[in-house]
Amino acid sequence: LASAATLLNGAEGFVPAAKSPSLAAKPTTVPGRIESTDLSSEAGTGWDSFKNLKDIPSGEESRKFRRTVYTHDDWKKHRSQDRFIYYIAAIFKSGVYKNLGREVSAVTLVATFIVIWNCIVGGFTDLEGIQQAALVDGLPKIGLPLSAFTLTSPSLGLLLVFRTNSSYQRWDEARKNWGMNINHTRDLVRMANAYYDGRNVTPEQRADDLNHVALCTWAFVRSMKRHLSPEWEDETAFREELYEKLPQQQADMIIAAAHRPNRALQDLSYAIDDLPMHFIRKNEIHKAVTIFEDDLGSSERILTSPVPLFYSRHLARYLAIWLLLLPFGTYDAFAGSWNHVMLIPATAAIATMLAGIEEIGTQLEEPFTVLP
């Protein structure tokens, strides 16, 4: 939780360490960080979150490993001149391609069937290069004109581009929402510290008030994260963290609330109103709270409203039918290979690449379980 970590570290600048042991600052470390730019290094980084995993997961289990946070070392790897070689060498470890196993297998089976069928009914070349007669007479070879795929491929390309673009826009908006949360947690705590009127307040009371504002700000960000995450992944940790950092009554009220982030925002508003400062300055701080609410609403819209289902489903059907029929149209194009056998790997590669584009769009569409 980047926002919460930022807040906790930032709050320490406003509250004496002795008064807030739960918010004690910790040295910032980056797990697995390395100084080398060698792409074959054994250390896993943000650039390769799967590096040290022996059994690389696929499907839903792989999403938690895609919460990538880059360092300068990761960017060096990202720009490496050897990246294409490394990416191709690691192609069979790709979580995206693992998710496409059944789809690619189906297309490959169709291509294999066409090659075998046409050999049986139209004759074949044996291993010694001698042309053999058909094993079964009276049955036609199967195929389709390639022009059918030439005419339809532009429309398929446009559908795929729109799918991935719309999904990336959703991911980008969600990431900006979290970025705004990070910015305004810092801004809110900074203003609370700067505007605090401590003329008639003891240092202990000042520290307690600012600590309470910082904790309420953290509670909102943490509640928003839980609100946008699946229950099975985050509920237990959410409860533990709330009871660890907040008073039990406040934690109980947030957990029991019908809408936890809104309950946390209400607590934050009360904490700001209790600060001794001019009302105009309080209004400035409340503007950050309003931005929190806007970010929450925007994120809820992304979570609850997918790309229109009729579009996604039509694209999936279009792509599936197009790929399943593709071997019929490209059979003659591989006449130069032995018994057209190169149709099989070529079709598998094409299916992997095109279905991979659709898979990327699907994975990006719901961004909250892959955002860092």
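Heads up: these notes are all about the structure in this document. (Residues numbered from 1 in each chain as written. Predicted model: local features only at pLDDT ≥ 70, side-chain atom pairs only at ≥ 80, totals over all residues. Heavy atoms only, no water.)

1. Observations regarding the environment of Thr164
In plain terms, the rule: Secondary structure is summarised from DSSP: a helix means a run of H or I of at least four residues, a strand means a run of E of at least two, and numbering begins at the N terminus for each. When checking whether two residues touch, look at their non-hydrogen atoms; a contact exists if any pair is within 4.5 Å. Residues adjacent in sequence count toward polar contacts only when both atoms are side-chain atoms; beyond that, a polar contact is any pair of N or O atoms within 3.5 Å, and within protein one must be able to donate a hydrogen and the other to accept it.
With respect to the helices and strands, Thr164 occurs in helix 6 (residues 147-195). In this structure Thr164 touches Ile357 and Gly361, once residues within four positions along its chain are discounted. Side-chain polar atoms of Thr164 contact the backbone oxygen of Val161, separated by 3.1 Å.

2. Examining the packing of aromatic side chains
What counts, and what does not: Between 30 and 60 degrees the pair is tilted, below 30 it is stacked and above 60 it is edge-to-face, where a pair is any two Phe, Tyr or Trp rings, Trp via its six-membered ring, whose centres lie within 6.5 Å. Relative accessible area decides the class of each residue, using a 1.4 Å probe on protein chains only: under 20% of the type maximum gives buried, over 50% gives exposed, and in between gives partly exposed.
Per the counting criterion, the structure on display carries seven aromatic pairs. With a centroid separation of 5.6 Å and an interplanar angle of 80 degrees, the aromatic rings of Phe149 and Trp322 are classed as edge-to-face. Separated by 173 residues along the polypeptide, Phe149 in helix 6 and Trp322 in helix 12 (residues 309-330) bring together distant segments of the chain. In this structure, Phe149 and Trp322 share a single accessibility class: buried.

3. Let's talk about the packing of helix 10 (residues 260-273) against helix 11 (residues 279-304)
Put simply, the rule reads: Angles shown run from 0 to 180 degrees and are taken between the N-to-C directions of axes, each axis being a line fitted to C-alpha atoms and, for helices, limited to the stretch in contact. Each angle receives one of four descriptions, namely roughly parallel if under 35 degrees, roughly antiparallel if over 145, roughly perpendicular if within 65 to 115, and oblique otherwise. Gly falls in the polar group here, along with every residue not listed as nonpolar (Ala, Val, Leu, Ile, Met, Phe, Trp, Tyr, Cys, Pro) or charged (Asp, Glu, Lys, Arg).
For the pair helix 10 and helix 11, the least separation of the axes is 10 Å and the interaxial angle reads 175 degrees. Our classification of the angle between helix 10 and helix 11 gives roughly antiparallel. Where helix 10 abuts helix 11, its residues Pro261, Asn262, Leu265, Leu268, Ser269, Ile272 and Asp273 lie against Lys282, Ile285, His286, Val289, Phe292, Glu293 and Leu296. Considered class by class, the residues forming the contact of helix 10 with helix 11 number eight nonpolar, three polar and three charged.

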